[in-house]
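Spelled out, the chains give:
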Amino acid sequence: MTTNTVRGTGRRIQLTAEQLVPRDAVFVYDEFERHPANIVAAYVFSGSAEITRAQVRTWMRERLGYSALFHRRLERVPGDIDLPYWVPDAAFDLDEHVTLEEARTWGPVRVRLAEIAATRMDLTRPPWELHVFAGVSGFPDVPEPVTIVVLKFHHSVGDGVATRRLEQKLFGAGADHPPLPVVDHSWSPSAALLRAATLTPYRIGRFVIGLTRTRAAARTVSARVADGLVHEPIPMRPATRFNRRTTAAPTFGLVTLSLAEVRAVKGACAEPITVNDVLLAVVSGALATYLAECDETPPTSLSAMVPISMRGLAPWNSANRLCQMAVDLHTDVDDPVQRLRAVHRSARQEKQRWSDDAVIARESRLHTAPAWLLRLAGWARSQRNFDDVDTVPLTNTTVSNVAPVAERLEFLGAPIRSVFGVLPIMDGDGLRHLITSQGDRLVVAFSSETAMLPDSDRYAELLLRSFRELSERLRRAG
């Protein structure tokens, strides 16, 4: 059995079995029907020409050599006594992954995209899908028809940084693509079981040592908190309508902002705020107003889960290198400018916390966790009941921001016009925001469900209004 990672021989990939590390495997063990682990990126291209399924299929087949993702499926070790493996799929069928959708207007496409994001992936085959919507009319802020290409894959494969890297290969303008990989099918479940049994004593010892180290790190963090060097987030927040059990009726919407205008707001503030600070403050204002209109203003401020990349901060070897900041949104502050400044301070404290070596060491306990413990934690999460809770741990909503998309991307010769992503909602986190930018367009895509957000267009209006109010107040103050 070969457990080496994917290797490059020239431009050709040699495809072998690869065992997941705990930080990636947690996306497998944590997943259940109301907690999907999908990454969904949508690319909007110019052009309304007719596209056939044969064209899409040929386009994708030419690019199958770019990533092991396209050829490997998940294989779990019997009894889950060890972490699962990515193994070459001998039965790979391209037609199971590529779909030319029928919807031709934005309304039905919007509904379909929400469904795609909410549907769990079949991990018995390579965990990716390509959906193409050709000649779509009515896309926001684009007068002519467009083609929308949707790339979906499982979160255990990688994070937003991995998405950016893959899209540059797939949609790059080059015509020279790598050949199909050389595949090694030598993996076997019995060999994996034997290996797991052989390594069990070593892994138990490693787990015990890891616990000792992380407990020591936790004591160091506590001491630094007492000295005011590290600021831990508030542990509990008031539950809102968005922090309940989710249903099977997803919805999502888009709000497009001018990146130049967002940067103008950033530049108008005397403090060194970031674009992320501005957008967090915008979400804060819209969320506070929406809940007030529902006569559901929470008694204290709400908080957002904001992913932070640990690349350059922690020497992790996982495909997912993210941690979760808990940024106070200060929804109890009415003045938009004061709210922005407060959000900036809270975000800065969280960034400082996640750059602390002791905090990083404390969070590294996951790296030595055995498969059975990860699976148990995932099961425990699936049993949580959010129906009648008054408070929720740490955060109320998600606000995620990914790196800008490259300018020179194309699909079947058509240039890129816009890009957005759709985050799947989950129990306890029923309002999620994903922010992307391409060119001078910044898109805020928000996901929810119709029971929690029956009027998504109204929430979109409130996001725009929140941005305009902040911009106007800063302009008057300047």
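Residues numbered from 1 in each chain as written. Predicted model: local features only at pLDDT ≥ 70, side-chain atom pairs only at ≥ 80, totals over all residues. Heavy atoms only, no water.

1. Quick look at the overall build of the protein chain
Right, on to step 1. For the protein chain, the count of helices and strands is 11 helices and 20 strands.
Right, on to step 2. Its C-alpha atoms give the protein chain a radius of gyration of 23 Å, within 12% of the compact-globule value 23 Å for 478 residues.
Right, on to step 3. Each of the three principal axes of the protein chain carries a C-alpha extent, and together these read 65 × 60 × 40 Å.
Right, on to step 4. Split into buried and exposed, the 478 residues of the protein chain put 52% on the buried side.
Right, on to step 5. Roughly 20700 Å² of accessible area belongs to the protein chain as shown, and the carbon and sulfur atoms make up 53% of that amount.
Right, on to step 6. Positive and negative side-chain charges in the protein chain, numbering 57 and 55 respectively, have mean positions lying 5 Å apart. (Helix = DSSP H or I, 4+ residues; strand = E, 2+ residues; numbered from the N terminus. Rg over C-alpha atoms; globule rule 2.2 N^0.38 Å. Buried < 20%, exposed > 50% of the residue type's maximum accessible area, 1.4 Å probe, protein only. Areas by Shrake-Rupley, 256 points an atom, 1.4 Å probe, with all protein chains shown as cover. Lys, Arg positive; Asp, Glu negative; His and termini not counted. Charge placed at Lys NZ, Arg CZ, Asp CG, Glu CD.)

2. A short note on the sheet that holds strand 7 (residues 98-101)
Right, on to step 1. What the six strands build is an open sheet, ordered 7-8-9-4-18-17; its pairing is mixed. With partners counted over all chains shown, the strands left at the sheet margins are strand 7 and strand 17 (410-411), one partner each.
Right, on to step 2. This element, helix 3 (residues 106-118), spans strand 4 (38-46), strand 7, strand 8 (128-136), strand 9 (146-154) and strand 18 (414-421) of the sheet and lies at about 175° to strand 8. (Pairing = 2+ DSSP bridges. Contact = heavy atoms within 4.5 Å. Axes fitted to C-alpha atoms, helices over the stretch in contact; angles between N-to-C directions.)

3. A closer look at the pattern of salt bridges
Right, on to step 1. Taken as a whole, this structure holds 38 salt bridges when the rule is applied.
Right, on to step 2. Here glutamate 96 ties to arginine 125 by a salt bridge, and the two come within 3.8 Å at their closest N and O atoms. Here arginine 125 lies in the loop between helix 3 and strand 8 and glutamate 96 lies in the loop between strand 6 (85-88) and strand 7, a separation of 29 residues in the sequence.
Right, on to step 3. The salt bridge involving arginine 341 is made with glutamate 271; its shortest N-O contact spans 3.6 Å. Remark: glutamate 271 occurs in the loop between helix 6 (259-268) and helix 7 (275-293) and arginine 341 occurs in helix 8 (residues 336-354); sequence separation between them is 70 residues.
Right, on to step 4. You can call arginine 341 partly exposed: its relative accessible area is 24%.
Right, on to step 5. Salt bridges sharing common partners tie together Glu232, Glu350, Arg353, Arg362, Glu363 and Arg365. (Salt bridge = Lys/Arg side-chain N within 4 Å of Asp/Glu carboxyl O.)

4. Some points on the packing of aromatic side chains
Right, on to step 1. Applying the stated criterion to the full structure yields 15 aromatic pairs.
Right, on to step 2. Here tryptophan 59 and phenylalanine 411 contribute two aromatic rings whose centre-to-centre distance is 4.8 Å and whose plane-to-plane angle is 70°, an arrangement assigned as edge-to-face. One end of the pair, tryptophan 59, is in helix 2 (residues 53-61); the other, phenylalanine 411, is in strand 17, with 352 residues separating them in the sequence.
Right, on to step 3. We classify tryptophan 59 as buried; its relative accessible area is 5%.
Right, on to step 4. For phenylalanine 411, a relative accessible area of 2% corresponds to the buried category.
Right, on to step 5. Seen in terms of ring centroids, tyrosine 85 and tryptophan 187 are 5.5 Å apart; in terms of plane orientation they differ by 50°. Their pairing is tilted. (Phe/Tyr/Trp six-rings, centres within 6.5 Å; stacked < 30°, edge-to-face > 60°.)

5. A short note on the UniProt feature "domain: O-acyltransferase WSD1-like N-terminal" (unreviewed entry) in the protein chain
Right, on to step 1. As recorded in UniProt, the feature "domain: O-acyltransferase WSD1-like N-terminal" (unreviewed entry) lies at residues 20-278.
Right, on to step 2. Helix makes up 36% of residues 20-278 and strand 20%, and the two end C-alpha atoms of the span are 37 Å apart. (UniProt positions renumbered as here; feature names shortened; annotations may be inferred.)

6. Describing the packing of helix 7 against helix 8
Right, on to step 1. With their axes 9 Å apart at the nearest point, helix 7 and helix 8 run at an angle of 120° to one another. Here helix 7 lies oblique to helix 8, going by the angle between them. Like other packed secondary-structure pairs, helix 7 and helix 8 cross with a definite hand, here right-handed. Within the contact between the two elements, helix 7 uses Asp277, Val278, Leu280, Ala281, Ser284 and Gly285 and helix 8 uses Arg339, Leu340, Val343, His344 and Ala347.
Right, on to step 2. Residue classes in the contact of helix 7 with helix 8 are distributed as six nonpolar, three polar and two charged. (Parallel < 35°, antiparallel > 145°, perpendicular 65-115°, else oblique. Left-handed = near helix turned anticlockwise from the far one by under 90°. Nonpolar A, V, L, I, M, F, W, Y, C, P; charged D, E, K, R; others polar.)

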